Amino acid sequence: MSALHYIILQVTGPSIFNTASPEARKIGWLGNGFLIAGTAMMLLVIILTVRFTLRYRAKENDAEPPQTKGSHKMELLMVGVPLVLVIFFFFWSLRTMSAVMPGRTGDQQPDVIITGHQWWWQADYTASHFSTANEIHLPVGKRILLKLDAADVIHDWWVPALGAKMDMIPGRDNYLWIDIDKPGIYQGACSEFCGEQHAWMRIRVVAQEPAEYQKWLAEQSANAEQPADSLARLGEALFEKASCSNCHSIRGTGAKGDIGPDLTHFARRQTMLSGMEDNTPENVYQWLLDPQKVKTGARMPRFIFNRDSLMALTAYLSQLK
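### Points about the sheet that holds strand β9 (residues 184-189)
Here's step 1: Ordered by their spatial adjacency, three strands build an open sheet running β4-β10-β9, and the pairing between neighbours is mixed. The outermost strands of the open sheet, each flanked by one partner alone, are β4 (135-139) and β9. Neighbouring strand axes in the sheet, compared pairwise and without regard to direction, differ in orientation by 25 degrees on average.
Here's step 2: The pairing of β9 with strand β10 (residues 202-208) spans six bridges and is antiparallel. Its bridge partner lying in β10, glutamine 187 is registered against arginine 204.

Encoded structure:
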């Protein structure tokens, strides 16, 4: 990565210059082609404008300069060059689209089903039969098929470093291939305006080496750990009693809700609220205290808990590893 690209990445976050898949590189090459052609056209216009302005500027007693009419060479040049460029980029774009978004073969099942909600991401791992939220782990060096759905309104999945973006439309299944070639954490965001908290519907993809990824799958497939102390056990009881379990699921407990994110291994996630906050006990406490103050418009209702109840719930959620 060049120094300029590194600076752009640090300033803007997710970047098409920090590619981590063949698909993203093909899109990058096409984008660079458009950029080079557009820049060349702009420079040509600037140069010709400056040249004609200086050469033919008005002088005292000037006569009308010679006029050129009916020049077939000039007409051919003015029409032919743009036409050739349009045809060239048309077929280059078709080739790139075919390479980065090939169709499924037969009844091939997706590896991960990503569902967009207002305003968070649900990830269902089909082979391992578990669900998680917001932090999506994927293996390096394996071609992965994502199925992209939406639960409410139109969303749009886009992680610039990993390739194409894809609309997520309620009632319609879209698919996207990803082939990550180097481990790392890749940021993205919903790219279709979807409501009040659209700006805080961030994507966090954690690309792992195969052995590390298999270990993560095994950990995520397990039931939630039992609370380690009396405060966390009180929080577990309160979680089920206070109707939290009607919306959230925690495997191995009585919480079976499917409206909000699965919280089975919530404490393993680095961030919360779709990347809005770091996952710390302090932030969990503030979220439980007044969700609408933290993320206005979120589907999480406000429960009137006293301080002891909030501490117990925070302790419980912070131990779900």
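From this point, the narrative continues.
### Comments concerning helix α8 (residues 307-318)
Here's step 1: In this model α8 runs 16 Å from its N-terminal to its C-terminal C-alpha over twelve residues, within 8% of the 16 Å that 1.5 Å per residue would give.
Here's step 2: Those residues of α8 that sit buried are Ser309, Leu310, Ala312, Leu313, Thr314, Ala315, Tyr316 and Leu317.
Here's step 3: Structurally, α8 contributes buried residues whose contacts are with α5 (230-241) and α6 (281-289).
Here's step 4: Regarding α8, its N-cap is asparagine 306, as a side-chain oxygen of that residue lies 3.2 Å from the backbone nitrogen of aspartate 308 further along.

### Quick word on the pattern of salt bridges
Here's step 1: By the definition in use, this model includes seven salt bridges.
Here's step 2: Between glutamate 23 and arginine 143 there is a salt bridge, with the nearest N and O atoms lying 3.0 Å from each other. With glutamate 23 in helix α2 (residues 22-55) and arginine 143 in strand β5 (residues 143-150), this residue pair connects regions lying 120 residues apart in the sequence.
Here's step 3: Looking at glutamate 23, the relative accessible area reads 3%, which means it is buried.
Here's step 4: On the basis of relative accessible area, arginine 143 is assigned to the partly exposed category, the value being 36%.

### A look at the packing of aromatic side chains
Here's step 1: For the structure shown, the criterion picks out twelve aromatic pairs.
Here's step 2: Ring centres 5.2 Å apart and planes at 80 degrees place the aromatic pair phenylalanine 90 and phenylalanine 91 in the edge-to-face group.
Here's step 3: Of the residues examined, phenylalanine 90 reaches a relative accessible area of 47% and is grouped as partly exposed.
Here's step 4: The exposure class assigned to phenylalanine 91 is exposed, which follows from its relative accessible area of 53%.
Here's step 5: Joined through ring pairs, the aromatic side chains of Phe34, Phe88, Phe89 and Trp92 make up one cluster.
Here's step 6: Across the ring face of tryptophan 158, the terminal group of lysine 165 is positioned such that the distance to the ring centre comes to 5.7 Å.

### Some words on a nonpolar patch on the surface
Here's step 1: Residues Met41, Leu44, Leu48, Phe52, Tyr56, Leu77 and Val81 make up a contiguous nonpolar surface patch of about 630 Å² in total accessible area.
Here's step 2: At the level of elements, α2 and α3 (72-100) are the ones that each hand at least two residues to the nonpolar patch.
Here's step 3: As for its placement among the helices and strands, leucine 48 is situated in helix α2.

### Observations regarding the pairing of β10
Two faces make up the sheet, and in a regular strand the side chains alternate between them.
Here's step 1: Along β10, six of the seven residues are buried, which leaves the element largely enclosed by surrounding structure.
Here's step 2: The sheet contact formed by β4 and β10 spans five bridges and is parallel. Each residue of the ladder has a partner; that of histidine 137, found in β10, is valine 206.

### Structural notes on the sheet that holds strand β3 (residues 130-133)
Here's step 1: Pairing in this open sheet of five strands is mixed, and the strands run β3-β2-β1-β5-β8 from one edge to the other. Edge positions in the sheet fall to β3 and β8 (174-179), since each of these pairs with one other strand and no more. Strand after strand, the sheet turns through a mean of 25 degrees between neighbouring axes, direction not considered.
Here's step 2: With four bridges connecting them, strand β2 (residues 120-125) and β3 associate as antiparallel partners. Looking at β3, one finds that glutamine 122 is bridged to alanine 133.

### A closer look at the environment of aspartate 156
Here's step 1: Mapping aspartate 156 onto the fold places it in strand β6 (residues 155-157).
Here's step 2: For aspartate 156, a relative accessible area of 3% corresponds to the buried category.
Here's step 3: Sequence spacing of aspartate 156 and aspartate 167 is eleven residues, and the spatial spacing of their C-alpha atoms is 4.3 Å.
Here's step 4: Contacts of aspartate 156, omitting those with residues within four sequence positions, involve Trp121, Lys165, Met166, Asp167, Met168, Ala189, Cys190, Ser191 and Glu192.

### A look at the packing of α5 against α8
Packed helices, taken two at a time, are described by the angle their axes make and the gap between the axes.
Here's step 1: One way to put it is that α5 packs onto α8 with a least axis distance of 7 Å and a crossing angle of 100 degrees. Here α5 is positioned roughly perpendicular relative to α8, judged by the angle of their axes. The segment α5 lies against α8, with Leu231, Ala232, Leu234, Gly235, Glu236, Leu238 and Phe239 engaging Ser309, Met311, Ala312, Leu313, Ala315, Tyr316 and Leu317.
Here's step 2: Partitioning the contact of α5 with α8 into residue classes produces eleven nonpolar, two polar and one charged.

Scoring rules and cut-offs
Residues numbered from 1 in each chain as written. Predicted model: local features only at pLDDT ≥ 70, side-chain atom pairs only at ≥ 80, totals over all residues. Heavy atoms only, no water. Pairing = 2+ DSSP bridges. Helix = DSSP H or I, 4+ residues; strand = E, 2+ residues; numbered from the N terminus. Axes fitted to C-alpha atoms, helices over the stretch in contact; angles between N-to-C directions. Expected span 1.5 Å × (residues − 1). Buried < 20%, exposed > 50% of the residue type's maximum accessible area, 1.4 Å probe, protein only. Contact = heavy atoms within 4.5 Å. Polar contact = N/O pair within 3.5 Å; in protein donor to acceptor, adjacent residues only side chain to side chain. Salt bridge = Lys/Arg side-chain N within 4 Å of Asp/Glu carboxyl O. Phe/Tyr/Trp six-rings, centres within 6.5 Å; stacked < 30°, edge-to-face > 60°. Lys NZ or Arg CZ within 6 Å of the ring centre and 35° of its normal. Patch = residues over 30% accessible without salt bridge, like charges linked within 9 Å, V, L, I, M, F, W, Y side chains within 5 Å. Areas by Shrake-Rupley, 256 points an atom, 1.4 Å probe, with all protein chains shown as cover. Parallel < 35°, antiparallel > 145°, perpendicular 65-115°, else oblique. Nonpolar A, V, L, I, M, F, W, Y, C, P; charged D, E, K, R; others polar.

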